Amino acid sequence: PRQAQKWVPSLKSSKRISLKISYKGETKLYKILQNSVCLTILFCLNSLFVFLQAEEKATLTKKFLEQRHQRSPEIMIPLRSHSVWEKMSVRLSCTILGRPVPKKGLDDATFLLASVLLLYCWLSLFVAINISLFLFSHTAPDTRVEADFDETFKPLFPREGETLTLACTFSSELLEHQECLAWFKDGIPLKETKWLQLHTSPRLASLKISHIYKEDEGLYSVHLPTHTGVKRHNCVGLNYWDPLLTGVPGSPLDVQCTDINKDYVFLTWKPPSADGGSPVTGYYVERCERGTAEWVQCNDEPHKLCRFPLQGLTNGKTYYFRVRAVNKVGISRPSMKTEPVTVSDPSEAGRIMVIDLDHGKQITVTKDEIEGDIRIPLPPTQVQASEVSGSYIVLNWMEPDPRGREPLNYYVEKAEAGSNRWQMANFEIPVSSPRFPVFGLNKDKSYQFRVKSVNKYGVSEPSLPSEPIHLRDTFVRPPPPRDVVACRNTNTSVVLQWKCPQTQEEIGGYYMYSRQAGSNEWVTINNKPVTCTRFTVDGLLSQKEYTFRVKAVNTAGTSEFSEESEPILVKAAISTPSPPLDVALLSCGRNDMVIGWKVPKFTGAAEIQGYFLDQCDVSDQMWHEVNIKPHVTRVKNLQEGHFYQFRAMAMNAAGVGAPSKPSNPFLCREWTMPQPGPPYDVVCREVRENSLVLLWEPPIYTGQSPVTGYLIEARKAGSEVWTAVTTEQTQKTWLKVCLKYFQNSRLIPWPSSFIFILLGLKDIEIGVDEDGFIFLSFQTPETSDSSQAQWMKNYKDDLDAGRVQKVAEGNRYEKSVENFIVIGMKSDWAVDVLDNGTVRLWLQVEKLSPSAELKLIFNDKEISSTPARKINFDRANGLLEILIDDFSEADEGSYTAQLKDGRAKNQFTLVLIDECKLKKNYKTWPYFLEPLSWKITDDCELLISCKATNLKKESILKWFKDRKELSDFHFNPQDGQSSLLLKEVQYTERSSRFSLMHFEVHLNIISDEYYDKRIKKGSSIHKVWIDIFNPTEADKGKYVLELCDDKQTYLRTLDLSGHALFVCFILDRAKVTKGLPDVVAIMEDKTLCLTCGFAGDPIPEINWTKNDKLIIVGDQYKIINDSNSSAITINKVSSDDSGKYTIHVKNKYGTEEATVTVSVYKHGETPIEGVLLI
């Protein structure tokens, strides 16, 4: 302003002056008359100066207040993991709180094209998208221990109408930032209502829902904030359907109101999951006016569809609606009532105009005031059908414009198409909204409709007629879902998945049903339809078999049941093991190291089959694979003076687990120190409240003298102080440690390779049974499929298998220290015909005690003595005889005598069949008459034997041990007796399984008439097959495979008689025509190209895998496919490219694969002899 005084007087005279002031990007223009130029300019500048001072002060105050209320970012609702089909869109969302508003960012999304699942000959490729959100660091981290979930909730199954309560406790009191925990249902945050209460205390969080309905079914979760993210726990809440009467259906659910108008609403709902045993025939709709308790039924006859247009409501009133289902037995419970619905004119807001005036004033003008001069209304326009079904037509039209001030009603008229004979369609139903449902029409005729407007002054001219409309079933029930497959998940749940029905109709969801093996009752799994095609079924009984089926749901009702899934045994699914622990150096030589590690903490519910060890020279930071099976191994060809790191990976039937943490760098320098190396494999046994047993292996490097003893130390979890447990050395490699000074403390957990680590259980029971056998018995609280009992003496030595019988029943394990007695046979079954025509079947065994038991089985049914068939059992002489007075065809069959005397058991079978009928009706191929059995000879040798029958010259009998064929056995083709004698049963033989395979004999007999050089048969422990190379028309026919044991026959057939089936299954099947070499060796930095030919119609799909993992095309790998061959090129191969490469060819008629092992050797190395060099 002071500077302005200098230049304001110098302004030239003019009638009007424009003053332009700019500040911080904003510009204002002032127009000033000549006679007040100076005064006005000075006033404007002084006002601006005061304003700038006030603005600066307000900015500083605002900045100070914002800094006081600043809050570090917290993710309240984190990102969820998604599993989606390929090429689908994914929407990711999360909620972040903080002051100032945090900047959000996603790190690189990792797309794992995970695997190709082959389930019952269909492929489904899925993409697992894992996306993690960047977490902002806290300015002042809280050093107190955060609360974690202590006791969580499990799946609940309350009945409809009951109260659902979920509660979880915490390990400690919640910190300030954890008190804002959140509850979710199906991923949607929950808020407190009249029926839902949320409660949070320092050590407890709970959710309570009063009077639950099916709509409350879903996945409930609680999210607990932490410094590193959000911890969550989930629970499935399912409702049991509780009918009023047996046989009535369940109640409908999810009743929704749409298209609300003056006197009209449109209702939709979903059908119930349970129909009570008979189909649902329709639904009754009920309404209740708010403020009253009277429910009024809206339709006289049951309505078939799950959608209903409702007319006849009063404008301005509020209603509730609900629905009941009907079948031939009765009416269901009512559904949950809708939210309050107020019927009103939706176009009313568009008939009001608001005009803004100066000084904040407004003028409201309605069209009724403008259109006040209209008396007789104009006719409606655009009469058409908004919905057509098999029982009704919903009409809508446009109001006349202008409408007039007076309220309008409508007359609806109908006429058969082309007749021009109009009649009223709403005689007793006043219509005030431009919607009207027409019922009671003839399905075989077409109709036209027109509408007249009515007010107090009169009736308008009719509208133009609509197009001809006829009733038609636009809503049909969907077809059933397909390919229902159940997969193992946990000990009480399975994962159920299926394919969508092949239909263009919109699917509203799915209902699932389960049935336990041996039961005829199907149990409803969910009462609220799920929209996904994959669902985890909880609440099943462990070790029980279940089958499943699924229904699809839409507005027309439910589909038929899908085909039943294959039975599945409920038990935990196997997974890859966790990483091994504590990779350690046990010994070191000049160019080698002995590396050991602890077994994984979790085996993935499957036996560990081996390990892979990787090594890394610290100088080049390159990891190289060393294939190893044991968990202690010697690594050779190392360079002296170099530092190496190692990591290990465990493998089971599910695959290879994650690698362990890299070890510390180990210097490759020969150990010459006098003291021994470290013991290894320290494990815990017999963990009790105040004691445990430690076991370990002696050190590999013993130093310059033998190991004289061991010292044991222990420390508490969380502490770094080690305390001596023993003051004197112990020479054993096991020790029972008393933990009195560690009682109620947690020790550092040592991962154990033993099956059980037991807390607070009873010791092993010892006693003598009634037969004089010494027995040891041990019982566990629970077991799993992988649970085993390993009996040992002095914690190291295995028990003598020749003197011990081991029994496992449920969770109880027993062993008897004596020879296991098998009831010996003196004379096999024999058949005599007495003088009076009576047939005598008799058998003699060794002398039995008076308490011996006999169980006689005839054709898989237990029999007892009758006048026509007398059974005599002389225990003192071991004689069993059956006397049949009038022998007939009904007496032919298989007789099996099962004998039990104390702990001694045996059974003997006789097949009594007329030889003439044998060729026609009974087995004519080789089969086993007596299964494998074993006994201990007087020389303490193990004798395993069996007996076959129906042998021919070409019959072959083979023995296998651990899938390896044995040659040193006895076989007499005359009587079919075969035996295997083991003179010294060692530990490895004790742990092996012996099995006798007869599949090759079986195949030889069946395929004799087709046998030539083109046919190749094979078998393994788990499957049997036949390959026909270059098939011709002569190979058409019916192929039969029969597998027999001592109880029954299993039959599988494949009819390839027809030309179409023969072409599909044999000629058009995908196959490899030009295979790959077995092994290929190539020098590093070269380019490798592998080519394989194939055939099939349709052209097969081609996939290449490396070590059973799908190969992704990129800079390293290039794949070129044409109609009959596929080639893969690997550029600049390295040692990492070594491995097993497999090509998979597949079409709808079959699959085949070819495998090649690629070995990459370095420059200067010599490749393996006999290997194809490239």
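Residues numbered from 1 in each chain as written. Predicted model: local features only at pLDDT ≥ 70, side-chain atom pairs only at ≥ 80, totals over all residues. Heavy atoms only, no water.

Q: Before we go on, may I ask you to explain the overall build of the chain in this structure?
A: Along its length, the chain carries seven helices and 88 strands. Across the 1174 residues of the chain, 38% fall into the buried class. For the chain, the computed accessible surface area is about 69,200 Å², with 51% contributed by carbon and sulfur atoms. (Helix = DSSP H or I, 4+ residues; strand = E, 2+ residues; numbered from the N terminus. Buried < 20%, exposed > 50% of the residue type's maximum accessible area, 1.4 Å probe, protein only. Areas by Shrake-Rupley, 256 points an atom, 1.4 Å probe, with all protein chains shown as cover.)

Q: Before we go on, may I ask you to explain the packing of aromatic side chains in this structure?
A: One pass over the structure, following the stated rule, counts 15 aromatic pairs. Note on W597 and Y611: the rings are 5.5 Å apart at their centroids and 65° apart in plane angle, and the pair reads as edge-to-face. Taken together, the positions of W597 in strand 42 (residues 593–598) and Y611 in strand 43 (residues 610–617) put the pair 14 residues apart, joining distant regions of the chain. There is no split in this pair, since W597 and Y611 are both buried. Members of the aromatic cluster, joined through ring pairs, are F308, Y392 and F439. A cation over a ring is seen here: K337 above Y320, with NZ or CZ 4.4 Å from the ring centre. Above the plane of the ring of W522 lies R549, whose end atom (NZ or CZ) is 4.0 Å from the centre. (Phe/Tyr/Trp six-rings, centres within 6.5 Å; stacked < 30°, edge-to-face > 60°. Lys NZ or Arg CZ within 6 Å of the ring centre and 35° of its normal.)

Q: Sorry if this is basic, but what is going on with the pattern of salt bridges here?
A: Pairing of side chains with opposite charge becomes possible as their charged atoms draw close. Per the stated rule, a full pass over the model turns up 25 salt bridges. The salt bridge partner of D254 is K270, with a shortest N-O separation of 3.6 Å. Taken together, the residues span a long stretch of sequence, with D254 in strand 16 (residues 253–258) and K270 in strand 17 (residues 264–270) at a distance of 16 residues. Judged by its relative accessible area of 26%, D254 falls in the partly exposed class. Accessibility expressed as a relative area gives 23% for K270, which makes it partly exposed. One salt bridge connects R450 with E413, and the closest N-O pair in it is separated by 2.6 Å. (Salt bridge = Lys/Arg side-chain N within 4 Å of Asp/Glu carboxyl O.)

Q: Mind showing me how you'd approach the confidence of the model for the chain here?
A: Should pLDDT be low for a region, the predicted coordinates there are not to be read in detail. Mean pLDDT over the chain: 77, with 75% of residues reaching 70 or higher. With pLDDT under 50 throughout, residues 33–37 is counted as low confidence; its partners more than four residues away or in other chains account for eight contacts. Taken as a whole, residues 915–922 scores under 50 in pLDDT and shows eight contacts with residues more than four places along the chain or in a different chain. (pLDDT = per-residue confidence, 0-100. Contact = heavy atoms within 4.5 Å.)

Q: I would appreciate a short explanation of the sheet that holds strand 13 (residues 204–209) in the present structure.
A: Backbone hydrogen bonds hold the strands of a sheet together, and the pairing may be parallel or antiparallel. Pairing is antiparallel in the open sheet, where three strands are placed in the order 9-13-12. A strand with exactly one partner marks an edge of an open sheet, and here the two such strands are strand 9 (164–169) and strand 12 (196–201). Taken over all neighbouring pairs, the strand axes of this sheet differ in orientation by 5° on average, direction set aside. Note: strand 9 against strand 13, six bridges, orientation antiparallel. Bridging across to strand 13, T165 finds its partner in K208. (Pairing = 2+ DSSP bridges. Axes fitted to C-alpha atoms, helices over the stretch in contact; angles between N-to-C directions.)

Q: I would appreciate a short explanation of the side chain of Q311 in the present structure.
A: Looking at the element boundaries, Q311 is found in strand 20 (residues 307–311). A relative accessible area of 12% means that Q311 is categorised as buried. Here the side chain of Q311 touches D263 through a polar contact of 3.0 Å, side chain to side chain. At 3.4 Å, the side chain of Q311 forms a polar contact with the backbone oxygen of R435. (Polar contact = N/O pair within 3.5 Å; in protein donor to acceptor, adjacent residues only side chain to side chain.)

Q: Help me understand the side chain of N527 in this model?
A: Within the secondary structure, N527 sits in the loop between strand 36 (523–524) and strand 37 (534–537). A polar side-chain atom of N527 sits 2.8 Å from a polar atom in the side chain of S273.

Q: Just checking my understanding: could you explain the sheet that holds strand 50 (residues 691–697) for this structure?
A: Strand order in the open sheet made by the three strands is 49-50-53, with antiparallel pairing throughout. This sheet does not close on itself; its edge strands, each paired only once, are strand 49 (680–685) and strand 53 (734–738). Neighbour-to-neighbour, the strand axes of this sheet turn through a mean angle of 25°, independent of strand direction. Pairing of strand 50 with strand 53 involves five bridges; the strand directions are antiparallel. Residue pairing across strands places L694 opposite L735, the latter belonging to strand 53.

Q: Help me understand the state of the cysteines, please; the structure alone is not making it clear to me.
A: Each disulfide consists of one covalent bond between the sulfur atoms belonging to two cysteines. Taken as a whole and judged by the stated rule, the model has zero disulfides. The thiol sulfur of C668 is not disulfide-bonded, and the nearest other cysteine sulfur, from C588, lies at 4.6 Å. For C668, a relative accessible area of 0% gives the class buried. (Disulfide = S-S within 2.5 Å.)

Q: How should I be thinking about unusual backbone geometry in this particular structure?
A: Trans is the prevailing form of peptide bonds, just as negative phi is the prevailing case for residues other than glycine. Cis geometry is found at the peptide bond from D401 to P402, where omega equals 5°. In this fold, P402 is placed in the loop between strand 26 (392–398) and strand 27 (409–416). Omega for the peptide link from D1097 to P1098 comes to 5°, which places this bond in the cis form. Topologically, P1098 is positioned in the loop between strand 81 (1088–1095) and strand 82 (1101–1106). A positive phi is found at D483, a non-glycine position, where the angle reads about 50°. Tracing the backbone through its elements, the reader meets D483 in strand 33 (residues 482–490). The exposure class of D483 is partly exposed, given its relative accessible area of 35%. At Q621, a position not held by glycine, the phi torsion is positive, near 55°. Following the sequence through the fold, Q621 ends up in the loop between strand 43 and strand 44 (622–628).

Q: Would you explain the environment of D1136 in this entry?
A: Secondary-structure assignment places D1136 in the loop between strand 85 (1125–1130) and strand 86 (1139–1147). With 514 residues separating them in the primary sequence, D1136 and M622 have C-alpha atoms 9.7 Å apart. Each residue touching D1136, except ones within four places of it in the same chain, is listed here: M622, W623 and K1106.

Q: It is not clear to me how the environment of E862 should be interpreted in this structure. Could you clarify?
A: When you line up the elements, E862 lands in strand 63 (residues 861–862). For E862, a relative accessible area of 55% corresponds to the exposed category. Along the sequence, E862 and A897 sit 35 residues apart, while their C-alpha atoms lie 9.9 Å from each other. The contact partners of E862, leaving out residues within four places of it in the chain, are K855, L856 and I857.

Q: Hey, could you run me through the environment of L880 in this one?
A: Summarising the element assignment, L880 is placed in strand 65 (residues 879–884). In this structure, L880 is in contact with W829, L841, W842, L843, L854, L856, I871, N872, F873 and A897, ignoring residues within four places of it in sequence.

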